[in-house]
Amino acid sequence: MSATEANIPLGEAAWELPSRGKVGMGSLIVAESAIFTIFVVAYIFYIGKSLSGPTPREVLRVPIVGTICLLSSSFTMHWAIAALRKGRSGAFRAFWFLTFLLGAIFIGGTAIEWHHLIYQENFTIQTNLFGTTYYSLVGLHASHVIVGLIGLAVIMILAVLGKIRPEHTERCEVFSLYWHFVDAVWVVVFTTVYIVGR
Amino acid sequence: MAASTDSLPRFAARKNALAVIYEWLGTADHKKIGLMYIVYALVFLVVMGVEAVLMRIQLAHANSSFLSPEVFNRLFTLHGTTGVFFVGMPILFGFGNYLVPLMIGARDMAYPRLNAFSFWMTAFGGLLLYASFFAGNSVAQAGIAPDVGWFAYAPLTATAFSPGHSTDYWNLALLVAGVGSISGGVNFIATILGLRCPGMTLSRMPLLVWMNLVMGGLVLVTISPLTAAQLMLLADRYLGAHFFDPQAGGSVVMWMHFFWIFGHPEVYVLIIPCFAFISEIVPVFSRKAIFGYPAMVAATTSIGFVSLGVWAHHLFTIGMPSYGNAFFVLTTMVVAVPTGIKIFNWLATMWGGRIRFATPMLFAVGFLFQFLIGGLTGIMLATAPFDWQLANSYFVVAHFHYVIVGGILFSIFAAFYYWFPKMTGRLLNETLGKWNFWILLVGFHLTFDTMYVPGLLGMPRRIYTYEAGRGWESWNLITSIGVIFQGVAVLIFVYNMVWSYLRGPLAGNDPWDAWTLEWATTSPPPEYNFAQTPAVRSRRPLWDIKHPEDPDSKYE
Ligand SMILES: [Cu+2]
């Protein structure tokens, strides 16, 4: 009990700080962006440097459906959060489920694409530099989608159990930042792999 | 529950060692985690010190056969890797963990459990690295530590050249520790931006907090590239990918780029928290407010940004187009400008102050001079033609040890002598502290001043021995003798810590008559840090309280 401790005045009322959830997620996104940047740089650097076939043009099929699904899942996610904020839990659950479904369709599309490449085209991560960079970049993104799907599923179960209420809007919003990020990264990956690299 | 209230004290007194261990293992308190980081790092400091001693015995004279070449390779790999990832980072994260919430008047970090996760990931990484001694294997032997150097250049790390698992231990240990560092960085940023006490605007934050914020941001964009590159290496080694495989068209130079995109800013991840210590200690022991606070913040931030664009000065000898060389020479030299601003600000803070040369200040002044010289030799190496001559020589080794030991280690000692009273409630012994300082100073200069010379005379780094008659012997002998002094200084420090922890004079809340919030609470602080959330009106809240007639808030 010192004089100094006792003399510290009480906090003032009007004192607003950034939400630590959003700051934390934002920071995580910065770190993740750096990881993706390195993988994208490696991809671009190795375009056309493979010593043997196949080339991207020979084997890659552009995943139009998956891309449309993943990108629209950002909108359904946004609407889900907006519904939760207004306390419309039915709409929240519906949009949330739709988001999950769209993400799942995307990852299913990737699975089919990989299955085709591996078993029909005999094209693996070991085949050449294109295989190395393709599977690692697309796989890195896909693993992020899977993590996102797990998060979506957990919140969906909680919502079905009635545990998600309007006061949890901010937490869901923080999670949605991650999902939007995964979507945005897909734009970059798609451009790199299917437009620039093909 | 049968325990009644009157039996509680007896119960607490009987709290046995197991319960204490359990309490520490399961803690999410930022102070306990901070202390665990620090103790953990000190253990590894001793480990890396022993590795250095072994190498210096080997190099003390020509044609020595004290160590085999293979063992020497493992020793310098472990020495460097341990020093950066399991001594430097944890000790600075530890101080940051302990001090940042206290200095911003918060109860804890933003994510206490994530904080514990970060620590245990780092701890696990270190143990994993050293587990290679027992479990790693190579061509014919079992129990082999990694031997690919701390920057693990490709293609040496390819399975063809590093069979067995020793390289995987290096890779996985750093991956795990990297995850811990990144989550730690996230936590620092969220804490500093989200948990400041009322009145603590960004422009009133203590410089230590500012610099830890920049450090946190740098960790995010620095460690992640290494993580990415290590994932690629993992794919190469385990899945048969070809990222760094020249036989499939892969580029080994790409690993160099990726590693140094991490490696150079990493130096600033280490040095910026040290700037932070100095920025707190120099004003308190000069009895003046820091000179040029906004310039310090601006300089720190710009160092953070510029340091991201200088990495290829580690690749001058690999061969780059001339505009590439020119770019990286220039950006590297630009770093010297904000760094110079900082040094001038610290000097200007001391100028005209009533300086008290207590041990923390001695170490801080030692830091200033040695960091300056270390930085200047860095500028010499940043000049591409000079680097062509001296890259991979002992001149480089001397340069970065000058910064790491003369700069980082000295400022860490300053921080220990300054904040030990806050952490333990007892002051470190001043006499022992002065012996610690002077002997370390002598040892440091014996070792590292002389180390520049064999570098200039052409001695390459990482050789396990050398021939007589090249003019390197006496320099190497003096270098090795200096290590004895440094070892003695560290022993004095350890003795001082143990003795003072048990017998040292009680510190009280505020032994240095300082101005930042951590000194407003008890030493050591209670679990909740502050009984009431403090509110601040200036950069020096305790000055305002001690001098109500002339508070800083009048001038800000
Ligand atoms: Cu550098």
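Predicted model only: the values in this text are computed from it and were never measured. (Residues numbered from 1 in each chain as written. Chains lettered and ligands numbered in written order. Predicted model: local features only at pLDDT ≥ 70, side-chain atom pairs only at ≥ 80, totals over all residues. Heavy atoms only, no water.)

1. Remarks on the overall build of chain B
(1) Moving on: Regarding its fold elements, chain B presents 16 helices and zero strands.
(2) Moving on: Its C-alpha atoms give chain B a radius of gyration of 24 Å, near enough to 24 Å, the size a compact globule of 556 residues would have.
(3) Moving on: With the C-alpha coordinates of chain B rotated into their principal frame, the extents come out at 70 × 65 × 40 Å.
(4) Moving on: In chain B, which comprises 556 residues, the share counted as buried stands at 61%.
(5) Moving on: Across chain B, every contact between residues at least 6 apart in sequence was considered, and the portion connecting residues at least 24 apart equals 80%.
(6) Moving on: Per element, the accessible surface of chain B, about 21000 Å² overall, is 71% carbon and sulfur.
(7) Moving on: For chain B, the distance from the average position of its 29 positive side-chain charges to the average position of its 26 negative side-chain charges is 8 Å. (Helix = DSSP H or I, 4+ residues; strand = E, 2+ residues; numbered from the N terminus. Rg over C-alpha atoms; globule rule 2.2 N^0.38 Å. Buried < 20%, exposed > 50% of the residue type's maximum accessible area, 1.4 Å probe, protein only. Contact = heavy atoms within 4.5 Å. Areas by Shrake-Rupley, 256 points an atom, 1.4 Å probe, with all protein chains shown as cover. Lys, Arg positive; Asp, Glu negative; His and termini not counted. Charge placed at Lys NZ, Arg CZ, Asp CG, Glu CD.)

2. Describing the pattern of salt bridges
Residues and elements named next belong to chain B.
(1) Moving on: Under the counting rule described, the total for this entry stands at 14 salt bridges over all chains.
(2) Moving on: Of the charged contacts, one joins aspartate 513 and lysine 546 as a salt bridge, the two residues approaching to 2.8 Å between their closest N and O atoms. Of the two residues, aspartate 513 is situated in the loop between helix H15 (473–503) and helix H16 (541–546) and lysine 546 in helix H16; the sequence distance between them amounts to 33 residues.
(3) Moving on: Under the relative-accessibility criterion, aspartate 513 is labelled partly exposed at 33%.
(4) Moving on: The closest approach of N and O atoms between aspartate 552 and arginine 540, which form a salt bridge, is 2.7 Å. Of the two residues, aspartate 552 sits in the segment after H16 while arginine 540 sits in the loop between H15 and H16, which places them 12 residues apart along the sequence.
(5) Moving on: The exposure class assigned to arginine 540 is buried, which follows from its relative accessible area of 11%. (Salt bridge = Lys/Arg side-chain N within 4 Å of Asp/Glu carboxyl O.)

3. Here's the deal with the coordination of the copper ion
Expected angles at a metal are 109.5 degrees for tetrahedral coordination by four donors and either 90 or 180 degrees for octahedral coordination by six donors.
Residue and element names in this part refer to chain B.
(1) Moving on: Here the copper ion is held by His264 (ND1), His313 (NE2) and His314 (NE2), and the distances to it run 1.8 to 2.0 Å.
(2) Moving on: All donors of the copper ion come from a single chain, and their spacing in sequence reads H-x48-H-H.
(3) Moving on: Among the residues examined, histidine 313 registers a relative accessible area of 11% and is labelled buried. (Donors = N, O, S within 2.8 Å, 3.2 Å for Na, K, Ca; no water.)

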